[in-house]
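Below, each chain spelled out in residue letters.
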Amino acid sequence: MTINIGETVFFSAARFCRVSVAIALLGIAGCSSTNTNGPVPMADNQGPKDTGTFPNLNIPPQVANKQFTADESKAKLAELKAAKNAQGAKSGGGAAGNQAALTDLAKKHGPQTLEQIEGKCDPTLDPTCK
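This structure is a prediction, so every number in the text was calculated from the model and none was measured.

Helix and strand counts for the protein come out as 3 helices and 0 strands. The linear arrangement of helices and strands in the protein, starting from the amino end, is α-α-α. With an accessible surface of roughly 12,500 Å², the protein has 63% of that area assigned to carbon and sulfur atoms.

Written as structure tokens, this is what we have:
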């Protein structure tokens, strides 16, 4: 009996190794390239260009767009803060002012939901209730 178990384990391990090697070889074969033409030239306006000289870091780079002045920056920040405060006043003030109403709603909502789930539905809440 021990010999049969050993043979099964040995042959199963050998089969597993053969399958693993076959999969690895197929993966390596899939990565090989058949392109023998060499590299494809890039377009003139894309990618790095070898100019044969080192870049001069003392020359400031060109900016993409006109930069904000200090006054424009302060005006934009003030506009953003005003928008932020306006949004906070809409959502934050209502929740804090109606805390008692929300607590009352929470106390009533749970039992009403349980009644609907258990089949004791209220026709005023659920028109399809019979």
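So that's the structure; there's more coming.
For Thr113, the position within the fold is in helix α3 (residues 99-118). Here the side chain of Thr113 touches His109 through a polar contact of 2.8 Å, landing on its backbone oxygen.

This paragraph deals with the pattern of salt bridges. All chains considered together, the criterion is met by 2 salt bridges. Salt-bridge contacts for Glu72 lead to Lys66; the nearest nitrogen and oxygen are separated by 4.0 Å. Glu72 gets classed as partly exposed once you look at its relative accessible area, which sits at 31%. Overall, Lys66 belongs to the exposed group, its relative accessible area being 65%.

Turning to a nonpolar patch on the surface, a few remarks are in order. Together, Val21, Leu25 and Ile28 give the surface a local cluster of nonpolar side chains, amounting to about 310 Å² of exposed area. When you line up the elements, Leu25 lands in helix α1 (residues 2-31). What makes Leu25 exposed here is its relative accessible area of 54%.

When the terminal C-alpha atoms of α3 are compared, their 29 Å separation across 20 residues agrees well with the 28 Å that a helix rising 1.5 Å per residue should span. Of the residues trailing α3, Gly119 is marked for its positive phi of about 100°.

A word on the confidence of the model for the protein. Averaged over all residues, the pLDDT of the protein is 76; the fraction at 70 or higher stands at 68%. Taking the mean pLDDT of every element in the protein, the minimum, 71, falls on α1 and the maximum, 83, on α3.

The rules behind the values
- Residues numbered from 1 in each chain as written.
- Predicted model: local features only at pLDDT ≥ 70, side-chain atom pairs only at ≥ 80, totals over all residues.
- Heavy atoms only, no water.
- Helix = DSSP H or I, 4+ residues; strand = E, 2+ residues; numbered from the N terminus.
- Areas by Shrake-Rupley, 256 points an atom, 1.4 Å probe, with all protein chains shown as cover.
- Polar contact = N/O pair within 3.5 Å; in protein donor to acceptor, adjacent residues only side chain to side chain.
- Salt bridge = Lys/Arg side-chain N within 4 Å of Asp/Glu carboxyl O.
- Buried < 20%, exposed > 50% of the residue type's maximum accessible area, 1.4 Å probe, protein only.
- Patch = residues over 30% accessible without salt bridge, like charges linked within 9 Å, V, L, I, M, F, W, Y side chains within 5 Å.
- Expected span 1.5 Å × (residues − 1).
- pLDDT = per-residue confidence, 0-100.

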